[in-house]
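A look at the structure
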Amino acid sequence: MNLTKPAPPSEDKRWRLVEGTMRRNGYEPHALIETLHTVQESFGYIDEDALKFVSASLQVPLARAYGVATFYHFFTLKPQGEHTCVVCTGTACYIKGANAILEAIKNEFGITPGETTDDGKVSLLSARCLGSCGLAPVAVFDGEIVGNLDAPRVIERLRRWVGND
Amino acid sequence: MTNEELNAIAKAEQESKERFEHEVCVCTAAGCLSAGGDKVKDALTGEIARQGKDKKCSVKGVGCLGLCAKGPLVAVESHGKKDKLYEGVTLEDVPAIVQTLEATETKGAAAAGLERSMDEPFFASQVKVVLENMGKIDPEHIEDYIAVGGYQTLYKALTEMSPTDVIGEVTKSGLRGRGGGGYPTGLKWSTVAKANGGATKYVICNADEGDPGAFMDRSVLEGDPHRVIEGMAIAAYAIGAHQGFIYVRAEYPLAIKTLKNAIRQAEKMGLLGKNICGTTFSFELHLRLGAGAFVTGEETALIASVEGRRGMPRPRPPYPAERGLWDCPTLINNVETFANIPAVIREGGVWFAAIGTEKSKGTKVFALAGSIVNTGLIEVPMGTRLRDIIFDIGGGIPEGRRYKAVQTGGPSGGCIPEQFLNMPVDYESLQQVGSIMGSGGMIVMDETSCMVDVARYFMEFCMSESCGKCTPCRVGTAQMYDILCKITEGHATLEDMDMLIELSDLVKNTSLCGLGQSAPNPVLSTLRYFKDEYMAHIVDKTCPAGVCKICSPAKEPVEVKS
Ligand SMILES: Cc1cc2nc3c(=O)[nH]c(=O)nc-3n(C[C@H](O)[C@H](O)[C@H](O)COP(=O)(O)O)c2cc1C
Ligand code: SF4
Ligand code: SF4
Ligand code: FES
Ligand code: FES
């Protein structure tokens, strides 16, 4: 049994959080998803170095780690923009006009879900029901859930992001 | 933790509560939180202190009060009795509400405009079993749960009942799984209990809640997490498991935070972990986060995901009851199923079986959304008429529009038209009209919704959520989606319709898991009740609801008959 643990890809302190998750789970292969969650939480996305490090540490084939990272919608392999906007496209939100919101965003900023504006300011994502259907249509702006939206209100918020900082 | 200790905590909590004349409960569940519930709570605390009433009034955050669309909601309990509910509370309303507290009988003028009468059908027609503590207890304090009798049933099960007794009670209750399938819970428990003798066993709580439009499980986890933990611990005792997992979707950060806190508190009090309540029974509970794949809610896929693999279904049998997590016998139940257990054990199976209909016992929590006045969370006895749910409790359709259909069961379900409004809502009746109970999402649609577009929406959902493992589902849903797109764009022929029906049949009967097997349901049910809308799109090239952007003139010569 090889007892030397692979070294993290860099000096970055965030790798300690990742190691922490793996240690808590006894470096068991079944900690793969938990660990990828920690990677994404810490770095914002999961890159190849992270996948290699995690798969080597948990002794899981890289192909399997890659397969898992791409299977679940929640994981992203691309860096995200400065800000993120998640538009809910669940049934209740759809009925109440989520598509009009996405269309307006596309017209104004030229991005569809999964894309980031060229200046790297805003990433647009979509979600299958955020569980706040009572407030449909709903979106999440940098982690803050906002309900009862319409296209103009969403555009206004995104304009602030693109204009400012 | 002994029974005396539990009682002592309950008594101490009760006494500290009685020191206050008024208890102000602010909803801080995700819905109201996004409307500023936490800020209202802080403002109320500050204002009460400023007006020098902090000796008489306490403030606490509670789980969902039900009327989520009208948040932030504030409920006031005076002298131990719930008596006022304010909706849409803003920071400016806070002083007036605090004033009203002391003018015991007369209402504060400004705050009165926000007041909802508790006699409305929305409140009066509900029967709360699963939601009995919702909006009453602070989910962050285990003592609050213990004060309303929490963990007493676990104690009772461990000290006074054998595992067989517990299963007997669950069987007697007639409780059926609330995750969608409606499988008898007692039968499932006894199968796992009997599975290969001394083997390691697991309990899993399915909190993936993938159906769009459903938020019952989220609300229960956020508002009364200990109830689910207690239900799981009782289940573990009954089937002989010592380890359990709650698989909760990553899209629910507040539920995750609440659960983590609740598990830690229960461990500290010896209600989870080794030798629970001083008995020989031990039960460890872990949290697992989903990562956003609808199909992972399917039980075999969920187990794969807990094992750290891709969440793809596998053929059953063997069922998880025989070979589940790491090939060990595994009990997997939905959040609401577990949340029913404390009530079943406390009041007895016979009591539970007296609620509901002959084959569908107990109550059901529904999430009302879409075109309905009272959007939110409700609980009614099984067998309640659809009309009563939508028009009395739900308050009907807003803006004087007309009811068109209610969609139940999410992507596996169907649409129920007006002619069935008088039908009782239970597993069998819903199935008879071509829909299903599902997990309890109800999305109400009025004449501004196009039923063909709705079918297309669900097909898009199933197509992109298909895991791709089997061909009929992977390819079939894509073909069906293409046809539905053609219809909504006005390019379809009647032959396309025939193809759509043929594909529905094929995908339904040859897919491996429930996703593919039920993917055609929204299409079949809209075809059954709203065929005229399909015809209008195909033959007349119009969308009666005005939703679809029919590209006219049609690109192909499709004039079939007029
Ligand atoms: C595609 C698919 C998705 C499912 N999603 C969920 C879900 O999100 N939550 C849930 O409790 N059950 C879900 N189920 C049902 C589970 O497979 C399983 O039947 C259920 O968790 C059993 O619990 P119960 O007996 O308490 O209902 C899903 C089934 C399928 C086929
Ligand atoms: S279909 Fe082929 S390429 Fe796609 S996931 Fe399956 S094996 Fe991989
Ligand atoms: S029916 Fe669909 S979701 Fe289910 S296993 Fe087959 S491809 Fe995957
Ligand atoms: S459908 Fe958008 S929050 Fe549920
Ligand atoms: S979230 Fe506050 S009432 Fe439902």
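What you are looking at is a predicted structure, and each value in this text was computed from that prediction instead of being measured.

This part takes up the site of ligand 3. Surrounding ligand 3, one finds 13 residues, the nearest of these being Cys467, Lys469, Cys470, Cys473 and Cys513 of chain B. Among the residues making up the shell around ligand 3, the classes are represented as eight nonpolar, four polar and one charged.

What follows deals with a positive patch on the surface. Judged by side-chain charge, Arg23 and Arg24 of chain A together with Lys260, Arg264 and Lys268 of chain B come together as a positively charged surface patch. If you list the elements that add at least two residues to the positive patch, you get α1 (14-24) of chain A together with α13 (253-268) of chain B. In terms of residue count, α13 of chain B provides more of the positive patch than any other element does, three residues in total. Mapped onto the elements of the fold, arginine 23 of chain A is located in helix α1. Here arginine 23 of chain A falls in the exposed class, since its relative accessible area comes to 54%.

Of the residues lining the interface, 51 residues belong to chain B; the matching set on chain A comes to 32 residues. With both sides pooled, the region where chain B packs onto chain A buries about 3,300 Å², and carbon together with sulfur makes up 57% of that total. Our count for the contact surface shared by chain B and chain A stands at three salt bridges. In this structure, the salt-bridge partner of glutamate 465 of chain B is arginine 128 of chain A, at a minimum N-O distance of 3.4 Å. At the boundary of chain B and chain A, one finds 25 residue pairs in polar contact (both at pLDDT 80 or more). Of all elements in the fold, only α2 (30-34), β8 (284-289), α14 (299-306), β10 (363-370), β14 (441-446) and α19 (451-465) of chain B reach the threshold of two or more residues within the side of chain B that touches chain A. The dominant element in the side of chain B that touches chain A, judged by the number of residues it contributes, is α19 of chain B, at nine residues. The residue inventory of the side of chain B that touches chain A, partitioned by class, reads 25 nonpolar, 14 polar and 12 charged.

A word on a negative patch on the surface. A cluster of acidic side chains, namely Glu495, Asp498, Glu502 and Asp505 of chain B, defines a negative patch on the protein surface. What makes glutamate 495 of chain B exposed here is its relative accessible area of 54%.

On to the pairing of strand β4 (residues 81-86) of chain B. All names here are of chain B. Of the pairings in the sheet, the one linking strand β3 (residues 74-78) to β4 comprises five bridges and is antiparallel in character. When the sheet's bridge partners are listed, valine 76 is paired in β4 with lysine 84. Examined bridge by bridge, β4 and strand β5 (residues 115-116) share two bridges and lie antiparallel to one another. In the strand pairing of β5, leucine 85 is matched with arginine 116.

Let us now look at the nonpolar core. Residues and elements named next belong to chain B. In this structure, Tyr151, Val166, Trp189, Phe283, Phe338, Leu386 and Ile390 are the most contacted members of the largest nonpolar core, which totals 135 residues. The element that contributes the greatest number of residues to this core is helix α12 (residues 225-239), accounting for 10 residues. Ignoring sequence-local partners within four residues, the contact set of tryptophan 189 consists of Val166, Ile167, Val170, Ala235, Ala238, Ile239, Leu331, Asn333, Phe338 and Ile341.

The final tally for this structure, using the stated rule, is 18 aromatic pairs over all chains. Look at tryptophan 15 of chain A and phenylalanine 43 of chain A: their rings are 4.5 Å apart centre to centre, the planes differ by 40 degrees, and that puts the pair in the tilted class. Here the residue tryptophan 15 of chain A occupies a position in helix α1, and phenylalanine 43 of chain A occupies one in helix α2 (residues 32-43), the gap between them amounting to 28 residues. A single burial state applies to tryptophan 15 of chain A and to phenylalanine 43 of chain A, both of which are buried. Considering the side-chain rings of phenylalanine 294 of chain B and phenylalanine 461 of chain B, the 5.0 Å spacing of their centres and the 75 degrees angle between planes classify their relative orientation as edge-to-face. Of this pair, phenylalanine 294 of chain B sits in the loop between β8 and α14 while phenylalanine 461 of chain B sits in helix α19; the two residues are 167 residues apart in sequence, bridging distant segments of the chain. Here a set of aromatic residues connected by ring pairs shows up, and it is made of Trp15, Phe43 and Phe53 of chain A. Here the guanidinium or amino end of lysine 5 of chain A rests over the ring plane of tyrosine 27 of chain A, the centre of that ring lying 4.4 Å away. The residue whose ring lies beneath lysine 364 of chain B is phenylalanine 366 of chain B, and the NZ or CZ to ring-centre distance is 5.8 Å.

All names here are of chain B. Within the element layout of this structure, alanine 343 appears in helix α15 (residues 335-347). Taking the C-alpha atoms as reference, alanine 343 lies 23 Å from tyrosine 247; in sequence the two are 96 residues apart. Apart from residues lying up to four places away in sequence, alanine 343 is in contact with Val129, Arg227, Gly348 and Trp351.

Moving on, we come to the sheet that holds β14 of chain B. Residue and element names in this part refer to chain B. Pairing is mixed in the open sheet, where five strands are placed in the order β11-β10-β14-β12-β13. Edge positions in the open sheet fall to β11 (376-381) and β13 (414-417), since each of these has one partner strand only. Strand-to-strand twist of the sheet, defined as the mean angle between neighbouring strand axes without regard to direction, takes the value 30 degrees. Note: β10 against β14, four bridges, orientation parallel. Bridge pairing links alanine 369 to isoleucine 443 in β14. Those strands touched by helix α17 (residues 386-393) are β10, β11, β12 (403-408), β13 and β14, and its axis lies near 115 degrees from that of β12.

Calculation notes
Residues numbered from 1 in each chain as written. Chains lettered and ligands numbered in written order. Predicted model: local features only at pLDDT ≥ 70, side-chain atom pairs only at ≥ 80, totals over all residues. Heavy atoms only, no water. Near = heavy atom within 4 Å. Nonpolar A, V, L, I, M, F, W, Y, C, P; charged D, E, K, R; others polar. Patch = residues over 30% accessible without salt bridge, like charges linked within 9 Å, V, L, I, M, F, W, Y side chains within 5 Å. Areas by Shrake-Rupley, 256 points an atom, 1.4 Å probe, with all protein chains shown as cover. Salt bridge = Lys/Arg side-chain N within 4 Å of Asp/Glu carboxyl O. Lys, Arg positive; Asp, Glu negative; His and termini not counted. Charge placed at Lys NZ, Arg CZ, Asp CG, Glu CD. Helix = DSSP H or I, 4+ residues; strand = E, 2+ residues; numbered from the N terminus. Buried < 20%, exposed > 50% of the residue type's maximum accessible area, 1.4 Å probe, protein only. Contact = heavy atoms within 4.5 Å. Buried area = accessible area lost by both parts, 1.4 Å probe. Polar contact = N/O pair within 3.5 Å; in protein donor to acceptor, adjacent residues only side chain to side chain. Pairing = 2+ DSSP bridges. Core = buried A, V, L, I, M, F, W, Y, C linked by side-chain atoms within 4.5 Å. Phe/Tyr/Trp six-rings, centres within 6.5 Å; stacked < 30°, edge-to-face > 60°. Lys NZ or Arg CZ within 6 Å of the ring centre and 35° of its normal. Axes fitted to C-alpha atoms, helices over the stretch in contact; angles between N-to-C directions.

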